[in-house]
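# Reading the structure
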Amino acid sequence: MKKQKTDMNGITLIALIITIIILLILAGISIVTLTGNNGILNKANISKIENRGATVEERKNLWKANQTADTIIKNTKLENLSKLLEDLQKENLITIEEKNLIEEEGEITIGSKTIVFEKFTTIDKIASKVEQSKDNDGNINYEKLKETLENIKNIQGIPSDLSQDNFPFVVKVNDELIQIDSDGNVRSC
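One structure accompanies this document, and this report is about it. These numbers were taken from a predicted model, which means no experiment stands behind them.

## So, the nonpolar core
By size, the foremost hydrophobic cluster in this structure holds 18 residues, and its most contacted members are I126, L149, I155, I180 and V186. Those elements that provide at least two residues to this core are α5 (122-132), α6 (142-150), β4 (169-173) and β5 (176-180). By residue number, the principal contributor to this core is α5, which donates four residues. Excluding residues within four positions of it along the chain, I155 makes contact with I126, L149, V171, K172 and V173. In terms of nonpolar packing, the next biggest core, distinct from the first, is built from 13 residues, V56, L84, L85 and I108 among them.

Rendered as structure tokens:
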């Protein structure tokens, strides 16, 4: 009787070792499926980037359509490219580096999408400076606005004592006249 009991312990030990080996194989397959080059986590990250690119492209196309419609109906309060980029950055759809690249190059690649905006015009550059000078409530900080405008190359006509009383005022940059009003709207004259 003693011999039968020993054989049963040996079979149980072998079954345990086989079970552990099978579990290790399944764990290895699961880890590769999750984290490999073609794994679920990598595919999810790629999908997230592609979705962000598609969202930015959709917002840009909507902005462009609104620009066209506003021009047709002669709306003077057009949302400029600078405002669009500020909104995209606030919503974490583009980074500061991507925003700067759009401003410099007029396009950006996110995932497999190359999104062509347009090169920043002088109006867009000034509008960007106006946006940067606003506080959280949307009010213009006059000192900050004056300081940021003075950093624009070849700008003329910035009032020496910038205050609410100076608005609207017109600046000249490279033979282009641009008006800035008290709400921060920027337009060509």
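From this point, things continue past the structure.
## Comments concerning the layout of surface pockets
Approximately 170 Å³ is the volume attributed to the second largest pocket. With three residues, helix α3 (residues 81-90) is the largest single contributor of residues to the lining of the second largest pocket. Residue composition of the lining of the second largest pocket, grouped by class: no nonpolar, three polar and six charged.

## Some remarks on the sheet that holds strand β6 (residues 186-188)
The strand order β3-β4-β5-β6 describes an open sheet built from four strands, whose pairing is antiparallel. Unpaired on one side and paired on the other, β3 (155-156) and β6 mark the two borders of the sheet. Two elements, β4 and β5, share five bridges in a ladder whose sense is antiparallel. Residue V170 lies in a different strand from β5, and its bridge partner there is Q179.

Here is what the cut-offs are and how they apply
Residues numbered from 1 in each chain as written. Predicted model: local features only at pLDDT ≥ 70, side-chain atom pairs only at ≥ 80, totals over all residues. Heavy atoms only, no water. Core = buried A, V, L, I, M, F, W, Y, C linked by side-chain atoms within 4.5 Å. Buried < 20%, exposed > 50% of the residue type's maximum accessible area, 1.4 Å probe, protein only. Helix = DSSP H or I, 4+ residues; strand = E, 2+ residues; numbered from the N terminus. Contact = heavy atoms within 4.5 Å. 1 Å grid on protein atoms, 1.4 Å probe; cavity = no way out; pocket = protein on both sides within 12 Å on 5 of 7 lines; lining within 4 Å. Points joined across faces, edges and corners; volume = space filled by probe spheres on them. Nonpolar A, V, L, I, M, F, W, Y, C, P; charged D, E, K, R; others polar. Pairing = 2+ DSSP bridges.

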